[in-house]
Amino acid sequence: QVQLVESGGGLVQAGGSLRLSCAASGSIFSINAMGWYRQAPGKQRELVAAIISGGSTNYADSVKGRFTISRDNAKNTVYLQMISLKPEDTAVYYCNAQRVAGPEIYDYWGQGTQVTVSS
């Protein structure tokens, strides 16, 4: 099992910045990827950014150049630095961890943190 605890959401004006944190605990040794997803009201959950065990990163087109995902292995924490925020970035942001166990892939989710960007 993997437990994920997010923090750092809040209310910010357009153009502002926020940093989200996701602390992982439990069976973290077998995590092969972590990422951030978001879900706005009435919309499907979407991938925002991901980082795999080798350090490669992947971003949604809508956030490229504005969001940066990073990790601190010593703290078992993944961060999402968000700059130049837009009202359309408003959503609940969820941390995700993907664990591989043999042929099985398991997804774990945090409780979500609200990000609200005012215009």
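I will try to describe carefully the structure that is included in this document. Keep in mind that what you see is a predicted model, and the values were worked out from it rather than measured.

**Some words on the overall build of the protein chain**
Phase 1: Tallying secondary structure elements over the protein chain gives 0 helices and 11 strands in all.
Phase 2: Starting at the N terminus, the α and β elements of the protein chain follow one another as β-β-β-β-β-β-β-β-β-β-β.
Phase 3: The globule rule puts the C-alpha radius of gyration for 119 residues at 14 Å, and the 14 Å found for the protein chain is close to it.
Phase 4: Structurally, the protein chain occupies a C-alpha span of about 45 × 30 × 25 Å along its principal axes.
Phase 5: For the protein chain, with 119 residues in total, the buried portion stands at 41%.
Phase 6: Sequence separation of 24 or more characterises 53% of the internal contacts of the protein chain that already satisfy a separation of 6 or more.
Phase 7: In the form shown here, the protein chain has an accessible surface area of approximately 6300 Å², with 49% of it arising from carbon and sulfur atoms.
Phase 8: In the protein chain, the 10 positive side-chain charges and the 8 negative ones have mean positions that sit 4 Å from each other.

**Brief notes about the side chain of Ser21**
Phase 1: Tracing the chain through its elements places Ser21 in strand 3 (residues 18-26).
Phase 2: The class for Ser21 is buried, based on a relative accessible area of 15%.
Phase 3: Excluding residues within four positions of it along the chain, Ser21 makes contact with Val5, Glu6, Ser7, Trp36, Thr77, Val78 and Tyr79.

**Digging into the nonpolar core**
Phase 1: One finds Leu4, Met34, Trp36, Leu80, Met82 and Tyr93 to be the most contacted residues of the largest nonpolar core, which totals 30 residues.
Phase 2: Elements with a minimum of two residues in this core: strand 1 (2-7), strand 3, strand 4 (31-39), strand 5 (46-52), strand 7 (67-72), strand 8 (77-82), strand 9 (91-101) and strand 11 (113-118).
Phase 3: Each residue touching Leu4, except ones within four places of it in the same chain, is listed here: Cys22, Ala23, Ala24, Met34, Cys95, Asn96, Ala97, Tyr108, Trp109, Gly110 and Gln111.

**Quick look at the pattern of salt bridges**
Phase 1: Applying the stated criterion across every chain, the model contains 4 salt bridges.
Phase 2: Across the salt bridge formed by Asp61 and Lys64, the nearest N and O atoms sit 3.1 Å from each other.
Phase 3: With a closest N to O distance of 2.8 Å, Arg66 and Asp89 form a salt bridge. Remark: Asp89 occurs in the loop between strand 8 and strand 9 and Arg66 occurs in the loop between strand 6 (57-59) and strand 7; sequence separation between them is 23 residues.
Phase 4: Note on Arg66: relative accessible area 10%, which makes it buried.
Phase 5: Overlapping salt bridges, with partners in common, bring together Arg38, Glu46, Arg66 and Asp89 in one network.

**Regarding the environment of Gln44**
Phase 1: When you line up the elements, Gln44 lands in the loop between strand 4 and strand 5.
Phase 2: The spacing of Gln44 and Leu18 is 26 residues in sequence and 22 Å in space, taken between C-alpha atoms.
Phase 3: Once you skip the residues sitting within four places of it in the chain, Gln44 turns out to touch Arg38 and Gln39.

**Topic: the environment of Gly15**
Phase 1: Considering the arrangement of structural elements, one finds Gly15 in the loop between strand 2 (10-13) and strand 3.
Phase 2: Exposure remark for Gly15: the relative accessible area of 53% places this residue in the exposed category.
Phase 3: Separated by 72 residues in sequence, Gly15 and Pro87 have C-alpha atoms that sit 9.1 Å apart.

**What about the pairing of strand 9?**
Phase 1: Relative to strand 9, strand 4 is paired through 8 bridges, and the arrangement is antiparallel. Bridge pairing in strand 9 places Trp36 opposite Cys95.
Phase 2: Here 6 bridges tie strand 9 to strand 10 (residues 104-109), and the two strands are oriented antiparallel to one another. Within strand 10, the residue paired with Gln98 across the bridge is Asp107.

What counts and how
- Residues numbered from 1 in each chain as written.
- Predicted model: local features only at pLDDT ≥ 70, side-chain atom pairs only at ≥ 80, totals over all residues.
- Heavy atoms only, no water.
- Helix = DSSP H or I, 4+ residues; strand = E, 2+ residues; numbered from the N terminus.
- Rg over C-alpha atoms; globule rule 2.2 N^0.38 Å.
- Buried < 20%, exposed > 50% of the residue type's maximum accessible area, 1.4 Å probe, protein only.
- Contact = heavy atoms within 4.5 Å.
- Areas by Shrake-Rupley, 256 points an atom, 1.4 Å probe, with all protein chains shown as cover.
- Lys, Arg positive; Asp, Glu negative; His and termini not counted.
- Charge placed at Lys NZ, Arg CZ, Asp CG, Glu CD.
- Core = buried A, V, L, I, M, F, W, Y, C linked by side-chain atoms within 4.5 Å.
- Salt bridge = Lys/Arg side-chain N within 4 Å of Asp/Glu carboxyl O.
- Pairing = 2+ DSSP bridges.

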